[in-house]
Amino acid sequence: GKTRALDPMLKKRDDFEDILEERRNSSDLKYALRCYTPVLYKGVTPCTSSMLKSMVLQSDQLHYVINQVSKETGKATDDIKEEASAILEEMAQCLQLSTVRFFAFTLSKAFKTLFRSICVNEDGIQRLQQAIQEHPVVLLPSHRSYMDFLLMSYILYTYDVALPVIAAGMDFMGMKFVGEMLRMSGAFFIRRSFGGDKLYWALFSEYVKTMLKNGFAPVEFFLEGTRSRTSKSLTPKLGLLNIVMDPFLKGEVFDVNVVPVSISYERVLEETLYARELLGIPKPKESTSGLFKARKILSEDYGSIHVYFGQPVSVRSLAQGKVNRCQFNLVPRHIPRRPSEDIASFVNDSAYRLVRAQEENMVLKPWVLVASLLLQYHHQNQAAGQKRGIALVTQVVSSSLTLHRGLVRICEDKVQLAVEQDITTYLSTVFYYIAVILLSCASYRNQALHVFVRPALLALAIHTASSNQKQEVFNSFSFLRNMFSNEFILCPGATVQDFEEACYLLVKTGALQFTQQEVLVTERGHRTLAFLSTMLDPFLQGYQVVCRFLCEEATETLTEKQFIPAVRKFIKKLLLAGRLRYMEVLSSDLQKNSLAALLRLGAVRKMKG
Amino acid sequence: MPKYTKPPSHLQEILKWNGWGYSDTRFLFNKKGQAEFTGKRYRLSGMIIPALQNWFEGTFGASVQHKSPAMPILTSSAVQPPTLNEAFVDELKSTGIPCSHDAEDRVFRGHGHCLHEVFALREGKVGRVPDIVVWPNCHNDVVKIVELACKHNVCLIPYGGGTSVSSALECPPEETRCIVSLDTSQMNRILWIDEKNLTAHVEAGIVGQELERLLNESGYCTGHEPDSMEFSSLGGWVATRASGMKKNIYGNIEDLVVHVKMVTPQGVIEKGCQCPRMSTGPDIHHFIMGSEGTLGVVTEVTMKIRPMPEYQKYGSVVFPNFEQGVACLREVAKQRCAPASIRLMDNEQFKFGHALKPQVSSIFTSFLDGLKKFYITKFKGFDPDRLCVATLLFEGDREKVLQHEKQVYDIAAKFGGLAAGEDNGQRGYMLTFVIAYLRDLGMDYYVIGESFETSVPWDRVLDICRNVKARIIQECKDKGVQFSPLSTCRVTQTYDAGACVYFYFAFNYRGLSDPVHVYEQVEHAAREEILANGGSLSHHHGVGKLRKEWMRETISDVGMGMLKSVKNYVDPKNIFGNRNLI
């Protein structure tokens, strides 16, 4: 809109198109059976999934590893080959158009009842089409829901784009029928952990590379590794990214196009499920019958989805000047090697960049801001014993309120969280019920955190710094940023850039002024800074309480398994005693992150055995 | 100024001063727009090439209407007057060795055939050139010249055939001393032939085709045939580590040389015997070969010779795609049954080769061509936009050649290759010699280009071909070239452990303000890509000044130190100051 045009910092975003609109006006069956002729990568030769498997089994890489394993274990190479073939059988996708058509039909029905709209940026689709023709493509969607990868394939089918093959966790395989259906719609399955299993690693990486190099299909995986239960982006996992970048680094392809995709749900299907999980309320294991029980979900309204296909990123241009590709000249390329330092840091930096690209293109609904404010008010009221809410102003807000009616209530024309102020009066049974609501609400606030995190860290830094000296503030910022780098997406080594970005934004909004040496908060800046630092308060308190727990309770050594239940018990006690403000600190995600941070900072030590 | 004496034989008079090859030989588009190849020297000479115009215009987006002609003659005002070291000149003249400081002579020896060098000449621009040219007649003349150069501290730059494509002949602009071009062209005799040991002792200034012609008279040959053999010299081959088309039978220059004599500022370096192999520490020949004129002047060489082959046969094979072709070449190398020459052209070059077919005289041949094309594309299902062709040359006694031929065709068949006749093969090799003339034609119509080479392990061949070609296209686009470039390659030599790959690239530079700069940036990027893909800095063109910046990473710090310490010992005053290599 117009406001965007005024600010050159904000990039112009593509327009969205609702793909469900046509589905509501024409036959789903016709749609599922329509002619599907995607454009393929230029050099592509048609390749069946069985050909693919045999290419992997016959590759130099695999031969090498099989011989190596045989030497180490004394097993006959033929036996290992058979083992390899079985693993591949378990792993491989077998994409079939008929299955895709089946999904196209059923998902059309489901989506229409669940969602008001599914909006896609068509310019992004066009860029993707172009990218697919030029170089092998990797799709990197954000991961907030099980829905994600079916949704991706559904959209690509709709736009006649080549269907991807998708790296999926083995947990799906528990659901026999569904697992096979997913396999036929392009999913391939990876064991969650295969630590030192050379054979498995070789098969897996070679399988992915073979599909990628031959331009067989776009390869899709989730950089975050798993669904984010908190709506915050997760620290990227590097394994698969390493694998898909390898063919470029070794010169096996000219380039690889990586396309970050941002999927924004107005309300995820798993909303309360996630909150329960974070609170440690046992979740049902994924099973086919469980999925059918989820049918009641179908009767609810989940608002709209926005899917934004980002600008394709060329791995070649990412690597320009950062990686010396000559390092592969002296050892045959099929011999597996640990990535060198420059490659490891290149992949890590790229991963952060890509997650940030996902974050930047997320679509935030007004409700996200409403939720942020409601949470702040709730806790302030709690402290002051008042009942403050947000005035019901616009239609936009009221429309999200119907969607989230489980979380809010309207009281004297004011919107409030559907929670009593004083938690100490709660019965133990409703305690978790309240916590679920607060955590759900926090997950909406979290959607906006990537926008605020840098200025918020600066606000907090100004608050905690011993003086207004620029250097002091920077040191304080740097400390906080380092502390929270497991919590938010903060690229390693980018402290100065982040600081400058935060300063720029706060100066621009008129909250801060800089003199030669000092940072000054303006008259009207106090409110902004208070809002920003309050946003990080729950996290600060969470990290503090974990530290307290470790100091007070965990005098003896603690196993990793015991940690969460013990710290949870500790926190619950404090909450009920009224000594903690934020119920959010019950979130196991926050607890794990703070432990990881303390471990990283050397405050806690990990002992083997 | 005193009058100088010029030597009797002067190849310079029949060669172009601002382009490739003989003055009487060039491509042009005649009034009808048809391409013609002038002169009488080549098989293609005097013929009309009907398809070239279409190919040229279609490939480059160029037009025969848009000319960019060269300056016809050199204006001597463009050439800076020579910086002469009077004492040196006086003593030189007293020796009676011919010399000259004519502008034309100096300009002729101040460049090789890199694009930027020829482009500048065509625009009539001349940079730093030698101040004086000397023509020694024998080894002893060279000894005298080098002594005088040392005595008077002048800079010597040896000059052989002038076919360098590495900026090796460019005078360093920072050189303030008098620069003397030492032209070896008068040292062009075969001094003796030893039939018992099959060696010939030859003066290093002899040009390739002349050496073969003279040896042929006695029933022998060296078999060393680099693409530049019409003009390049024996001394130049030694100084750059040259490679010949038929190296599979005869070997590269390092395999052919038995003995070398080189004059350096420290004196003459040579071995004390003519033995086939020695275990006497590092081979001093390897300091000489590839020294690129930085250590001294090669004056005499003993080379292996062979009886002339009884029988020669050309051949060609069409493959459905480049991948299959490379796989076939790899297999041929593995079985060590490569013919005298085997080359694989990619699809773009295959099409280019087709565009160079001369007008056919009979309806019958054109009918046969049509039939062949039908058979390959329709009957065999080869995609005309993917197929590629290998050209072959067999040599030896008749029976063995035929046997060998069968073996190679059998291997080719396993990779989907179809024999495509002798004619295609022969034309392929003939094009090797005329292709250099085509660059001049391109430059008449806003098209500039060049070829460059590398060597690479077998497992990298396909990757390097794909990536370097793609890099060229991408860089052209990024650098604002308005038309899509020609970016093509061929595999020209096979070895046990790898292959030699040649890249050709050219583009239409209309709309660019500094086309040569753009060209150089693209070539630079392409070389980076080659190195990043495990290719070498050079297979046989050498380093010169063009590729110097990559030497350190190519041979390591210690390697550089070794070369530098040799240079410091042999030539402490940097008399051989062309500043190539290190």
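From a predicted model like this one, the values you see are computed outputs, not experimental measurements.

The next point concerns the overall build of chain B. Each helix and strand counted, chain B has 18 helices and 21 strands in total. Radius of gyration (C-alpha) of chain B: 24 Å, near the 25 Å computed for a compact globule of 582 residues. Each of the three principal axes of chain B carries a C-alpha extent, and together these read 75 × 55 × 45 Å. Within chain B, the fraction of its 582 residues that count as buried is 57%. Put simply, 77% of the contacts in chain B that link residues at least 6 apart link residues at least 24 apart. Counting every atom, chain B has about 24200 Å² of accessible surface; 53% of that belongs to carbon and sulfur. Placing the 65 positive and 67 negative side-chain charges of chain B at their respective mean positions leaves the two points 3 Å apart.

Picture the strands of a sheet paired through backbone hydrogen bonds; they go either parallel or antiparallel. All names here are of chain B. Strand order in the open sheet made by the three strands is β1-β2-β3, with antiparallel pairing throughout. Two strands close off the open sheet at either side, each with one partner strand: β1 (27–29) and β3 (48–49). Strand direction decides the pairing type here: β1 and strand β2 (residues 35–37), joined by three bridges, are antiparallel. For phenylalanine 27, the partnering residue across the bridge sits in β2 and is phenylalanine 37.

Turning to the UniProt feature "binding site: substrate" (unreviewed entry) in chain B, a few remarks are in order. Residues given the UniProt feature "binding site: substrate" (unreviewed entry) here are B:Arg439. In contact with B:Arg439, other than residues within four places in its own chain, are B:His113, B:Cys114, B:Leu115, B:Val118, B:Val447, B:Gly449 and B:Glu450.

What follows is about helix α2 (residues 86–95) of chain B. Residue and element names in this part refer to chain B. Residues of α2 that are buried: Phe88, Val89 and Leu92. Buried residues of α2, viewed axially, fall in a sector of 95°; they line one side. Elements in contact with the buried residues of α2: β4 (99–100), β5 (132–134), α5 (139–152) and β7 (179–183). Just past α2, the residue glycine 96 takes up positive phi, approximately 80°.

Moving on, we get to the interface of chain A and chain B. Accessible area lost on assembly of the parts is the figure often given for the size of an interface. Each side of the interface is counted separately: chain A has twelve residues, and chain B has 15 residues. Carbon and sulfur atoms make up 37% of the surface buried where chain A meets chain B, a total of about 1100 Å² over both sides. Counting across the chain A and chain B interface gives four salt bridges. A salt bridge links B:Glu529 to A:Arg325, with the shortest nitrogen-to-oxygen separation between them at 3.0 Å. Counting across the chain A and chain B interface gives twelve residue pairs in polar contact (both at pLDDT 80 or more). A breakdown of the residues in the side of chain A that touches chain B according to their chemical character gives four nonpolar, three polar and five charged.

Moving on, we come to the pairing of strand β11 (residues 408–411) of chain A. All names here are of chain A. Pairing analysis gives four bridges linking β11 to strand β12 (residues 414–417), with the strands arranged antiparallel. Each bridged residue has a counterpart across the sheet, and for valine 408 the counterpart in β12 is leucine 417. Connecting the antiparallel pair β11 and β12 is a turn made up of two residues, with glutamate 412 showing a positive phi of about 50°.

All names here are of chain B. The full count for this structure, using the stated rule, is 65 salt bridges over all chains. Between arginine 122 and aspartate 444 there is a salt bridge, and its shortest N-O distance comes to 2.8 Å. Here arginine 122, found in helix α4 (residues 115–122), pairs with aspartate 444, found in helix α15 (residues 422–444); they are 322 residues apart in sequence, far enough to count as distant. A relative accessible area of 8% means that arginine 122 is categorised as buried. Note that glutamate 475 is salt-bridged to arginine 471, the shortest N-O span being 2.8 Å. Of this pair, glutamate 475 and arginine 471 are both found in helix α16 (residues 461–478), four residues apart, which corresponds to roughly one turn of the helix.

Turning our attention to a negative patch on the surface. Residue and element names in this part refer to chain A. A cluster of acidic residues, Asp15, Glu17, Glu21, Glu22, Glu122 and Asp123, forms a negative patch on the protein surface. Taken together, the elements giving at least two residues each to the negative patch come down to α2 (20–25) and α8 (122–134). Along the chain, the position of glutamate 21 falls in helix α2.

Another point: helix α13 (residues 271–279) of chain A. Residue and element names in this part refer to chain A. For α13, the set of buried residues is Glu271, Tyr274, Ala275, Leu278 and Leu279. Seen along its axis, α13 keeps its buried residues to an arc of 130°; they face one direction. Just past α13, the residue glycine 280 takes up positive phi, approximately 85°.

Residue and element names in this part refer to chain A. Contact geometry of helix α12 (residues 239–249) with helix α16 (residues 341–360) gives a least axis separation of 11 Å together with a crossing angle of 120°. By the angle class used here, α12 and α16 are oblique. Note that α12 runs across α16; the crossing there is right-handed. In contact with Leu241, Asn242, Met245 and Leu249 of α12, α16 contributes Ile343, Phe346, Val347, Ser350, Ala351 and Leu354. Its residues assigned to classes, the contact of α12 with α16 shows eight nonpolar, two polar and no charged.

Once that is clear, we can look at the confidence of the model for chain A. Here chain A averages 88 in pLDDT, and 90% of its residues register 70 or above. Of the regions scoring below 50 in pLDDT, residues 1–8 of chain A engages in three contacts with residues more than four places distant in sequence or in other chains.

This part covers empty space enclosed by the protein. Residue and element names in this part refer to chain A. Overall, the coordinates contain eleven cavities of 30 Å³ or more when judged by the stated rule. Roughly 440 Å³ of internal volume is contained in the second largest cavity. Thr230, Ser231, Lys232, Ser443 and Asn446 are, among the 39 residues lining the second largest cavity, the residues nearest its centre. Within the residue set of the lining of the second largest cavity, elements represented by two or more residues are β7 (257–265), α13, α19 (428–447), α20 (449–464) and α25 (588–600). With eight residues, the single largest contributor to the lining of the second largest cavity is α19. Tallied by class, the residues present in the lining of the second largest cavity amount to 17 nonpolar, ten polar and twelve charged.

The next point concerns the packing of aromatic side chains. Summed over all chains, the structure comprises 39 aromatic pairs over all chains. Centre to centre, the rings of A:Phe477 and A:Phe499 are 5.2 Å apart; their planes meet at 65°, and the pair counts as edge-to-face. Taken together, the positions of A:Phe477 in helix α21 (residues 470–483) and A:Phe499 in helix α22 (residues 495–508) put the pair 22 residues apart, joining distant regions of the chain. Assessed through its relative accessible area of 0%, A:Phe477 is described here as buried. An aromatic cluster is present here, built from A:Tyr31, A:Tyr36, A:Phe111, A:Phe115, A:Tyr154 and A:Tyr157 joined pairwise through their rings. Positioned above the aromatic ring of A:Tyr146 is the side chain of A:Arg227, whose terminal nitrogen or guanidinium carbon lies 3.6 Å from the ring centre. Here the basic side chain of B:Lys469 rests over the ring of B:Phe322, its NZ or CZ set 5.7 Å away from the ring centre.

It is worth spelling out the sheet that holds β5(B) at this point. All names here are of chain B. One open sheet holds the four strands; their spatial order is β4-β5-β7-β6, and the pairing between them is mixed. The open sheet has two free edges, formed respectively by β4 and β6 (155–159), since each of these has just one partner strand. Bridge count between β6 and β7: five bridges; the pairing is parallel. Bridged to cysteine 155 within β7 is isoleucine 179. Running over the sheet, α2 touches β4, β5 and β7 and is turned about 25° from β5. Against the sheet, α5 makes contact with β5, β6 and β7, and its axis sits at roughly 150° relative to β6, the strand it touches most.

Rules behind the numbers
Residues numbered from 1 in each chain as written. Chains lettered and ligands numbered in written order. Predicted model: local features only at pLDDT ≥ 70, side-chain atom pairs only at ≥ 80, totals over all residues. Heavy atoms only, no water. Helix = DSSP H or I, 4+ residues; strand = E, 2+ residues; numbered from the N terminus. Rg over C-alpha atoms; globule rule 2.2 N^0.38 Å. Buried < 20%, exposed > 50% of the residue type's maximum accessible area, 1.4 Å probe, protein only. Contact = heavy atoms within 4.5 Å. Areas by Shrake-Rupley, 256 points an atom, 1.4 Å probe, with all protein chains shown as cover. Lys, Arg positive; Asp, Glu negative; His and termini not counted. Charge placed at Lys NZ, Arg CZ, Asp CG, Glu CD. Pairing = 2+ DSSP bridges. UniProt positions renumbered as here; feature names shortened; annotations may be inferred. Arc of directions from axis to C-beta. Buried area = accessible area lost by both parts, 1.4 Å probe. Salt bridge = Lys/Arg side-chain N within 4 Å of Asp/Glu carboxyl O. Polar contact = N/O pair within 3.5 Å; in protein donor to acceptor, adjacent residues only side chain to side chain. Nonpolar A, V, L, I, M, F, W, Y, C, P; charged D, E, K, R; others polar. Patch = residues over 30% accessible without salt bridge, like charges linked within 9 Å, V, L, I, M, F, W, Y side chains within 5 Å. Axes fitted to C-alpha atoms, helices over the stretch in contact; angles between N-to-C directions. Parallel < 35°, antiparallel > 145°, perpendicular 65-115°, else oblique. Left-handed = near helix turned anticlockwise from the far one by under 90°. pLDDT = per-residue confidence, 0-100. 1 Å grid on protein atoms, 1.4 Å probe; cavity = no way out; pocket = protein on both sides within 12 Å on 5 of 7 lines; lining within 4 Å. Points joined across faces, edges and corners; volume = space filled by probe spheres on them. Phe/Tyr/Trp six-rings, centres within 6.5 Å; stacked < 30°, edge-to-face > 60°. Lys NZ or Arg CZ within 6 Å of the ring centre and 35° of its normal.

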